[in-house]
Amino acid sequence: MSGMEMTGAEIVVSCLAEEGVEFVFGYPGGAVLNIYDAIFQQNQFKHVLVRHEQAAVHAADAYARATGRVGVALVTSGPGVTNAVTGIATAYMDSVPIVVVTGQVPVPAIGMDAFQEVDTVGITRPCVKHNFLVKDVRDLAATMKKAFHIAATGRPGPVVVDIPKDVTAHRSEFSYPESIELRSYPPAPQAMPAELKRAVQMLMEAERPMVYAGGGVVLGDAADQLTELTRLLGFPCTNTLMGLGGFPATDKLSLGMLGMHGTYEANMAMQHCDVLLAVGARFDDRVIGNPAHFAREQRRIIHIDVDPSSISKRVKVDLPIVGDVKQVLGDLIPLVRQAGFGNTGERPKAAALKTWWTQIELWRAKDCLKYAQNGSIIKPQYVVEKLWDVTQGEAFVTSDVGQHQMWAAQYYKFDKPRRWINSGGLGTMGVGLPYAMGVQLAFPDAQVACITGESSIQMCIQELSTCKQYRIPVKVVTLNNRYMGMVRQWQEFFYGSRYAESYMESLPDFVKLAEAYGHIGMRIDKPEDVEGALKEAFSPALKERLVFMDFQTDQKENVFPMVEGGKGLSEMILAEEL
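Since we're looking at a predicted model, the values are computed, not measured. (Residues numbered from 1 in each chain as written. Predicted model: local features only at pLDDT ≥ 70, side-chain atom pairs only at ≥ 80, totals over all residues. Heavy atoms only, no water.)

Peer 1: How should the pairing of strand β20 (residues 547-552) be read in this particular structure?
Peer 2: Burial runs high along β20: 6 of the 6 residues are buried. Covered by surrounding structure in β20 are V547, M549 and F551 together with F548, D550 and Q552, the residues of both alternating faces. Bridge count for strand β19 (residues 520-524) against β20 is 5 bridges, and the pairing is parallel. By the bridge assignment, G521 is partnered in β20 with F548. (Buried < 20%, exposed > 50% of the residue type's maximum accessible area, 1.4 Å probe, protein only. Helix = DSSP H or I, 4+ residues; strand = E, 2+ residues; numbered from the N terminus. Pairing = 2+ DSSP bridges.)

Take a look at the structure:
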């Protein structure tokens, strides 16, 4: 097709095809009708019509998280763009590679307050990796190539390409670049041999070591390298919320998630280690709590990250290593072997490490995630545990944001990367269902569960219609406690149990609502019915159907452990202390 004269709209479609795009999630409007007409006349990728532009970006985001490929969304100008901003910001905070094509009013009308005009470049600038306004059809193909390159390389992120309607009608010869080089955008540097040797020396000297892995391990496809290195070292490993699955949760070296709702053993080990290997993580406020409290304990920190701006941003590190985490870990493995790790009896500081593990096991013995499912009310933790049993830990799990998100992270043991799809940085309610759509379309034969709450699910519940149209058979697991659960928990702990506007007094009948959209609805009231409902939903008989399960859970259940905002990692609130 290269060398043919095309309209701008046809060029956009051809660029998407050249990039191997599988799905475009979008919603039409006047400014993008030329592009939609060109999509109608091609068969190289599929378009998925969502019911709200926010959901289009969320679905593209989830597709990218689950596959590692760039997700694509298409929205119109004005309110189409502003509706999409929440999805763009969500992807930006979690470093997810997506390209969002937006319509714009014709070039002569820009700045004239034309119908459905907004300053897309200005509005999205704070929440994108980069954005473009294409005013000349001759620049369109090269701009699209740049957008995909920028989105996917280095620290990934969303890129917006804003295209005026007249540009999509103008004609130009189509030529798609095979590669692109941007002078102001260098590729990720390689770690220096001296840095790697110093890192190994620090690991050899560690008496209380710790591996701290974040979302960069998942995004960088470095889970295998992290797992091999950690097992060679024999060190304890903890994962952030975004890093779950980067190291197998069922491995004996795993201490689980750390942070505000992390395990007691992970937080205590993180606080008291003497050498910390941080990989693809950014010492977020929800991870280490108060930086001043974290700094009270002396430790040396090795920090590996593709983004130099993330290093020493909140916590000063001793050895920064800037580079692709997969490559850096791969380069470290043979050096670690040469240093004697992996050899029983010969490994460095073997006696000290044994003592350290003894202390960790004492912390682990607190069993900080224990709960009792012994009454007539369903405990939300029990639902998640049974979901893990029924799916044998193999499901893709999306979540919304709130208590249910934390219970999912705590009780569904992720052994593989890219199976846990949630909004970490922005904490966006409403992502769960469109996330599940994006994942299920990417993996049509996989089990996909959306763990949500009765508040979050209503924010994008219109996407049940999209699921009906495209026969997307996700399983919705609603932990319904008739409250905005995390809001209620904070109000109980810190606002004198004054539950201001957190009680949901007018909930719909979710069973009837699901049925109204053409799906299967279930209401589960008793603990003894939980496992049966899940087995039925995931049975071969319902494999092709969306099943909406409304679990009536304990209204008073809280997420523990919990680190109060402004407190330190070791200042946890445990259930047994209340």
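More follows now that the structure is in view.
Peer 1: Which parts of the structure should I look at to understand unusual backbone geometry?
Peer 2: Most of the time, phi is negative for any residue but glycine, and the peptide bond is trans. The peptide bond linking F560 to P561 adopts the cis configuration, its omega dihedral lying at -10°. With respect to the helices and strands, P561 occurs in the loop between β20 and β21 (562-563). Unusually for a residue other than glycine, S95 sits at a positive phi of about 55°. Tracing the backbone through its elements, the reader meets S95 in the loop between α4 (79-93) and β5 (98-104).

Peer 1: How should I be thinking about the packing of aromatic side chains in this particular structure?
Peer 2: Any pair of aromatic rings gets described here by the distance separating the centres and the angle formed by the planes. Going through the model one piece at a time under the given rule, you end up with 17 aromatic pairs. Seen in terms of ring centroids, W490 and F494 are 5.3 Å apart; in terms of plane orientation they differ by 75°. Their pairing is edge-to-face. Here W490 and its partner F494 are both found in helix α20 (residues 485-494), 4 residues apart, which amounts to about one turn of the helix. Looking at W490, the relative accessible area reads 26%, which means it is partly exposed. Ring-pair connections join several aromatic residues into one group, and the members of that group are W490, F493, F494 and F560. Directly above the aromatic system of F396 lies the positively charged group of R419, at a separation of 4.5 Å from the ring centroid. Sitting over the ring of Y483, R488 keeps its end group 5.9 Å from the ring centre. (Phe/Tyr/Trp six-rings, centres within 6.5 Å; stacked < 30°, edge-to-face > 60°. Lys NZ or Arg CZ within 6 Å of the ring centre and 35° of its normal.)

Peer 1: Is there a simple way to think about the side chain of H58 in this case?
Peer 2: Along the polypeptide, H58 turns up in helix α3 (residues 53-67). When its relative accessible area of 0% is taken as the criterion, H58 is described as buried. Once residues lying within four places of it in the same chain are set aside, the contact partners of H58 are T86, G87, T90, T428, G430, V431, P434 and Y435. (Contact = heavy atoms within 4.5 Å.)

Peer 1: What should I look at first to understand the sheet that holds strand β6 (residues 130-133) in this one?
Peer 2: Hydrogen bonds between backbone groups are what pair the strands of a sheet, and the pairing can be parallel or antiparallel. Reading across from one edge, β3-β2-β4-β5-β7-β6 is the order of the 6 strands in this open sheet, with parallel pairing throughout. The sheet is open, and its two edges are formed by β3 (46-49) and β6, each paired on a single side. Adjacent strand axes in the sheet meet at a mean angle of 20°, parallel and antiparallel pairs treated alike. One ladder, built from 5 bridges, connects strand β4 (residues 71-75) with β5; its direction is parallel. Looking across to β5, one finds that A73 is bridged to V100. (Axes fitted to C-alpha atoms, helices over the stretch in contact; angles between N-to-C directions.)

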